[in-house]
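Coordinate inspection notes
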Amino acid sequence: MQNSQVRELLCFGVTPGSGNAALVVQHDQSSADQRQQFARERNKPACVFIDTATDGSIVLDFFYPHRRSPLCSHATLAAARVLLSAERPRLAVRTAMHGQPLTLILQGGEVFLQLSPQPAPQVALPDGLEQQLLAAPGILLASPPAIASVGSPKLLLEVADSATLQALTPDLQGIADWGKQHGVSGAYVWCRRPDGALEGRSFNHLDPAAEDGATGVAAGALAVLLKSSVTVYQGANLGTPCQLRAEFLDESILIGGKTEFA
């Protein structure tokens, strides 16, 4: 990390100076293990390393404190804020783990991530799975459980309302074990708000204190599932109220939200 440049950005914040933090690292030559150690030590929700491949293309490598990730949308938006300018308002990049193509867009002073829906694991979702994973005997979902993906597959569970959502204390180890077995990156529990927006919580960590304040890949997965554009609120219970927008464009999804330097 000796000659690297590190910047912190806040993504999806509802108010100035708020949002989900991401570190953007440029000019870094360290190994994947060293990057994981850096992410663990800095303990921010996500780190993205911007690399240049031998063919000159830009590659984004994502790390959470606990693991490397195939995709992180809020870190991608942070990278977009660093990389884009009026002279370069659009940039094609790809992810390090799976080579997924992404398009970064600067439009009207805001940054967006455009990407395509991805195949989701075909997993049998047995009756009672939500009760088991959410550690909530008797809980009733408002719609059938589903898996959808824009690059990081999510188990999507719709509950009745915000009160039910916020009261959850799920089996985080059980979710992690189930996800590892089936190639799914955590559970995203959501509900519909009276104002037409959605509200969600992401369960993708073993430590309750590490709950994600904003999960753009989940907002994208919801747009894929519902086949419509969505506005998702998340993180207020953590003191980091966030608003995420995912626009459904048939063949692609556009994910955006406020992104600023910390």
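Residues numbered from 1 in each chain as written. Predicted model: local features only at pLDDT ≥ 70, side-chain atom pairs only at ≥ 80, totals over all residues. Heavy atoms only, no water.

Let us now look at the overall build of the protein chain. Within the protein chain, the secondary structure is distributed over 6 helices and 16 strands. Its C-alpha atoms give the protein chain a radius of gyration of 18 Å, near enough to 18 Å, the size a compact globule of 262 residues would have. Across the 262 residues in the protein chain, those meeting the buried criterion constitute 53%. Here the analysis covers contacts within the protein chain between residues at least 6 apart in sequence; of these, 61% occur between residues at least 24 apart. Working note: accessible area of the protein chain is about 11,600 Å², and carbon and sulfur atoms make up 50% of it. In the protein chain, 19 side chains carry a positive charge and 24 a negative one; their mean positions are 5 Å apart. (Helix = DSSP H or I, 4+ residues; strand = E, 2+ residues; numbered from the N terminus. Rg over C-alpha atoms; globule rule 2.2 N^0.38 Å. Buried < 20%, exposed > 50% of the residue type's maximum accessible area, 1.4 Å probe, protein only. Contact = heavy atoms within 4.5 Å. Areas by Shrake-Rupley, 256 points an atom, 1.4 Å probe, with all protein chains shown as cover. Lys, Arg positive; Asp, Glu negative; His and termini not counted. Charge placed at Lys NZ, Arg CZ, Asp CG, Glu CD.)

Once that is clear, we can look at unusual backbone geometry. Despite not being glycine, Phe-12 has its phi angle at roughly 70°, a positive value. Mapping Phe-12 onto the fold places it in the loop between β1 (5-11) and β2 (20-26). The class of Phe-12 is buried, set by a relative accessible area of 0%. Of note, the phi angle at His-27 is positive, near 60°, even though the residue is not glycine. With respect to the element layout, His-27 can be found in the loop between β2 and α1 (32-42).

Along the chain, Gln-100 turns up in the loop between β6 (90-95) and β7 (101-107). Given the relative accessible area of 6%, Gln-100 is considered buried. Here Gln-100 is in contact with Leu-71, Val-93, Arg-94, Thr-95, Leu-115, Ser-116, Gln-118, Val-150 and Gly-151, once residues within four sequence places are set aside. Here Val-150 takes part through its backbone oxygen, which lies 2.8 Å from a polar atom of the side chain of Gln-100. (Polar contact = N/O pair within 3.5 Å; in protein donor to acceptor, adjacent residues only side chain to side chain.)

Next up on the list: the side chain of Gln-114. Relative to the helices and strands, Gln-114 is located in strand β8 (residues 110-115). Exposure remark for Gln-114: the relative accessible area of 19% places this residue in the buried category. Separated by 2.9 Å, the side chains of Gln-114 and Ser-252 make a polar contact. Apart from residues lying up to four places away in sequence, Gln-114 is in contact with Arg-90, Leu-102, Thr-103, Ile-105, Leu-249, Ser-252, Ile-253 and Leu-254.

Applying the stated criterion across every chain, the model contains 9 salt bridges. With its nearest N and O atoms 2.8 Å apart, the salt bridge here joins Arg-192 to Glu-158. Of the two residues, Arg-192 is situated in strand β11 (residues 187-192) and Glu-158 in strand β10 (residues 154-158); the sequence distance between them amounts to 34 residues. The network of salt bridges with shared partners includes Asp-28, Arg-35, Asp-51, Asp-61 and Arg-68. (Salt bridge = Lys/Arg side-chain N within 4 Å of Asp/Glu carboxyl O.)

Right, let's talk about the pairing of strand β15 (residues 253-256) for a bit. Burial along β15 is two-sided: Ile-253 and Ile-255 facing one way and Leu-254 and Gly-256 facing the other are all buried. Pairing analysis gives 4 bridges linking β8 to β15, with the strands arranged antiparallel. Bridging across to β15, Leu-113 finds its partner in Ile-255. From the end of strand β14 (residues 242-248) to the start of β15, which pair antiparallel, there are 4 residues, and Asp-250 there has a positive phi angle of about 65°. (Pairing = 2+ DSSP bridges.)

Let us look at helix α6 (residues 216-226). Burial within α6 is extensive, with 9 of its 11 residues counted as buried. Listed in full, the buried residues belonging to α6 are Gly-216, Val-217, Ala-218, Ala-219, Gly-220, Ala-221, Leu-222, Ala-223 and Val-224. Following α6 by one or two positions, Lys-227 adopts a phi angle in the positive range, close to 55°.

This brings us to the packing of aromatic side chains. A complete count under the given rule lists 2 aromatic pairs for this structure. Pairing Phe-38 with Phe-49 gives two aromatic rings, centres 5.9 Å apart and planes at 70°, and the pair type is edge-to-face. One end of the pair, Phe-38, is in helix α1; the other, Phe-49, is in strand β3 (residues 46-52), and 11 residues separate them in sequence. On the accessibility criterion, Phe-38 (10% relative accessible area) is buried. When the centroid spacing of 5.6 Å and the interplanar angle of 85° are considered together, the rings of Phe-49 and Phe-63 count as edge-to-face. Of this pair, Phe-49 sits in strand β3 while Phe-63 sits in strand β4 (residues 58-63), and the two are 14 residues apart along the sequence. You can call Phe-63 buried: its relative accessible area is 1%. (Phe/Tyr/Trp six-rings, centres within 6.5 Å; stacked < 30°, edge-to-face > 60°.)

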